Amino acid sequence: MNEGLKDIRILGTGAYVPDRIVSNDEVGAPAGVDDAWITRKTAIRERRWARVGQATSDLATAAARAALKSAGITSEQLSVIAVATSTPDRPQPPTAAYVQRNLGATGTAAFDVNAVCSGTVFALSAVGSTLLRRGGYALVIGADVYSRILNPADRRTVVLFGDGAGAMVLGPTTKGTLVRHVALHTFGELAGLIEVPAGGSRMPLDHSGLDAGMQYFAMEGREVRRFVVEQLPQLVKGFLHEAGVEPADISHFVPHQANGVMLDDVFGDLGMPQATMHRTLTHYANTGAASIPITLDAAAREGKFKPGELILLAGFGGGMAASFALIEWSADFGKPQPAAPRISLPVC
C-alpha cells in the first residue's frame, strides 16, 4: 500500500531507554559467545534492558512525554494515541490504553499496531489517515521489551535485542516536518521466518509449550537476512520513484536497527550516494518497533538534520513486512504549537 499524507507533519519526537546497561559479555555468556563474536557479527556493543516490573507501557509513556514536550503539545490536546509493539503489557487490553491512562489523555482514541519491527511506520500511516479526516494531534509510539521473550541460550537472537521506546507527535498543520509519502508491504508467505510460536489462539501456552521453549522469540536468521538483502534495495528504489524523488535527493537514511553488519552490507545497494545512515544499535541494539523513532529522535536532538533535507525511514521485520516514510525536515520542528481543541472520534 502506498499513500501520501498531505499536510501531516511531525511536530516533535522523544525517546526513552531503561537505565540498565547489559554488556555483550553478560548477554553472551549463557549463549556461549563473547564480546568479540557479538561485535563482529552485529556491531552491537551493549543494550538496555527493562528492570523488573517495568513494562512496555512504562517505556512508551516516558517517550511520549518527551515527544509532547518537544512539540509543545499537552496530552489534553491529543485526539489519537497509537502504540506500535509486538511485546504488549498483556494480550489485552491494548498497551495504548495504559499509555492513555498514564498521560491523563482521557477521551482520546487509543489502539495498538503489531507489524513487529515495521510497526511505527504502519502506525504513522494509520494515524495520519485519521488526522486527515478528523483533525487534532496524535501520538505515534514504537515500544518493545524484547528482553522478556528471549531465550538466554539462543545466540542467534538473545544478543540482538534491547528494550526501548520512541515517539512522535503528529498534526495536520502548516508547520513541522512534512510526511511526504508512506508505503507499507507485507509478505505473508514468509510469516514463519520470525515468530513467537505459542501464547496465541493457534497454540495456547501450556506446560508442554513452556518445556519446549515455545514462549520465546524465534527467527530464521539466514532467511531474514536474505529477505532484507534481496528485497530492501528494490523496495526502496520503487518507493522513491513513487514519491517522485531521486535516490540522490535523500540526505539521511534512518533504518530499523536490526544488525549493524547487515545494514552496512545493504546500504551501498540502496543507491543513495548523498545519504548519511544513522545508527543507534551500537549502544541500544535492536529495539524492535522503537528503533526508528529512537534513532530519529537521537539524530534530531544532535542537530543532524537541516531544513529542507529529505529523510527516508525504513522498517523491516516480522510478517515479513517492510514500511517506508519520506519526510522533509523543517526549521519549525520542535517549536511550540498553537492550542487546538481535542477531537473525539465517534464510538462504534
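All values reported here derive from a predicted model rather than from experimental measurement. (Residues numbered from 1 in each chain as written. Predicted model: local features only at pLDDT ≥ 70, side-chain atom pairs only at ≥ 80, totals over all residues. Heavy atoms only, no water.)

Trainee: Go over the overall build of the protein, please, and point to the residues and values.
Mentor: What the protein contains, in helices and strands, is 10 helices and 15 strands. For a compact globule of 348 residues, the expected C-alpha radius of gyration is about 20 Å, and the protein comes in at 19 Å, within 12% of that figure. Here the C-alpha coordinates of the protein stretch approximately 55 × 45 × 35 Å along the principal axes. Within the protein, buried positions represent 57% of all 348 residues. (Helix = DSSP H or I, 4+ residues; strand = E, 2+ residues; numbered from the N terminus. Rg over C-alpha atoms; globule rule 2.2 N^0.38 Å. Buried < 20%, exposed > 50% of the residue type's maximum accessible area, 1.4 Å probe, protein only.)

Trainee: Just give me the short version of the nonpolar core, but keep the residues and values in it.
Mentor: In this structure, I250, M272 and F324 are the most contacted members of the largest nonpolar core, which totals 55 residues. Elements supplying a minimum of two residues to this core: α2 (35-42), α7 (221-243), β12 (250-255), α8 (260-267), β14 (310-317) and β15 (321-328). Looking at this core element by element, the count peaks at nine residues for α7. With residues near it in sequence (within four places) discarded, M272 still touches V236, L240, P247, I250, F253, F267 and L312. Counting 33 residues, the second-largest nonpolar core is a separate cluster that includes A138, M168, L170 and A299. (Core = buried A, V, L, I, M, F, W, Y, C linked by side-chain atoms within 4.5 Å. Contact = heavy atoms within 4.5 Å.)

Trainee: Could you give me a rundown of the pairing of strand β8 (residues 163-171), with the residues and numbers involved?
Mentor: Within β8, nine of the nine residues are buried, leaving the element largely enclosed by the surrounding structure. With burial as the criterion, each face of β8 is covered, one bearing D163, A165, A167, V169 and G171 and the other bearing G164, G166, M168 and L170. Note: strand β2 (residues 9-16) against β8, seven bridges, orientation antiparallel. Each bridged residue has a counterpart across the sheet, and for G12 the counterpart in β8 is V169. Across eight bridges, strand β7 (residues 137-145) lies against β8 in antiparallel orientation. If you follow V145 over to β8, its bridge partner there is D163. (Pairing = 2+ DSSP bridges.)

Trainee: Please provide a residue-by-residue account of the pattern of salt bridges, values included.
Mentor: Inspection of every chain in the model, using the stated rule, returns seven salt bridges. With a shortest N-O distance of 3.0 Å, D154 and R156 are connected by a salt bridge. In this structure D154 comes out as buried when scored by relative accessible area, which is 12%. Its relative accessible area of 55% is what places R156 among the exposed residues. A salt bridge links R225 to D265; its shortest N-O distance comes to 2.4 Å. One end of the pair, R225, is in helix α7; the other, D265, is in helix α8, and 40 residues separate them in sequence. (Salt bridge = Lys/Arg side-chain N within 4 Å of Asp/Glu carboxyl O.)

Trainee: Give a description of the pairing of strand β6 (residues 109-113) that names residues and reports values.
Mentor: With five bridges joining them, strand β5 (residues 78-84) and β6 adopt parallel strand pairing. Looking across to β6, one finds that V80 is bridged to A109. Running through helix α4 (residues 95-103), the crossover from β5 to the neighbouring parallel element β6 is right-handed. (Right-handed = clockwise from strand over helix to strand, strands pointing away.)

Trainee: Can you break down the packing of aromatic side chains residue by residue, with the values?
Mentor: Under the defined criterion, the tally for this structure stands at seven aromatic pairs. Geometrically, the ring pair formed by Y146 and F217 is edge-to-face, given 5.5 Å between the ring centres and 85° between the ring planes. A residue pair is termed long-range when its members are at least 10 positions apart, and Y146 in the loop between β7 and β8 and F217 in the loop between α6 (207-211) and β11 (218-219) qualify at 71 residues. Look at Y146 and you get buried, because its relative accessible area is 2%. Ring geometry for F187 versus F227: centroids 5.4 Å apart, planes at 70°, classification edge-to-face. Here the residue F187 occupies a position in the loop between β9 (177-186) and β10 (194-195), and F227 occupies one in helix α7, the gap between them amounting to 40 residues. (Phe/Tyr/Trp six-rings, centres within 6.5 Å; stacked < 30°, edge-to-face > 60°.)

Trainee: An account of a positive patch on the surface is needed here, citing residue identities and associated values.
Mentor: Side chains of R40, K41, R155 and R222 sit close together on the surface and give a patch of like positive charge. With respect to the helices and strands, the residue K41 is situated in helix α2. Take K41: its relative accessible area is 43%, and that puts it in the partly exposed class. (Patch = residues over 30% accessible without salt bridge, like charges linked within 9 Å, V, L, I, M, F, W, Y side chains within 5 Å. Areas by Shrake-Rupley, 256 points an atom, 1.4 Å probe, with all protein chains shown as cover. Lys, Arg positive; Asp, Glu negative; His and termini not counted. Charge placed at Lys NZ, Arg CZ, Asp CG, Glu CD.)

Trainee: Talk me through the side chain of S118; I want residue IDs and the actual numbers.
Mentor: Assignment of secondary structure puts S118 in the loop between β6 and α5 (119-134). When near neighbours in sequence (up to four residues on either side) are disregarded, S118 contacts G315, F316, G317, A321, A322 and S323.

Trainee: Describe in detail α8, supporting the description with residues and values.
Mentor: Residues G260, M262, L263, V266 and F267 constitute the buried set of α8. Buried residues in α8, looked at end-on, bunch into an arc of 160°, giving them a common side. The backbone nitrogen of V261 lies 2.9 Å from a side-chain oxygen of the residue at the head of α8, namely N259. (Arc of directions from axis to C-beta. Polar contact = N/O pair within 3.5 Å; in protein donor to acceptor, adjacent residues only side chain to side chain.)

Trainee: Which residues make up the environment of G244, and what are the values?
Mentor: In this fold, G244 is placed in the loop between α7 and β12. A relative accessible area of 61% means that G244 is categorised as exposed. Remark: the alpha-carbon pair of G244 and H181, spanning 63 residues in sequence, is separated by 9.4 Å.

Trainee: Please set out the side chain of T287 residue by residue, giving values where relevant.
Mentor: Here T287 is to be found in the loop between α9 (281-284) and α10 (291-301). The class for T287 is buried, based on a relative accessible area of 2%. Residue contacts for T287: discarding those within four places in its chain leaves D144, G162, D163, G164 and I294.

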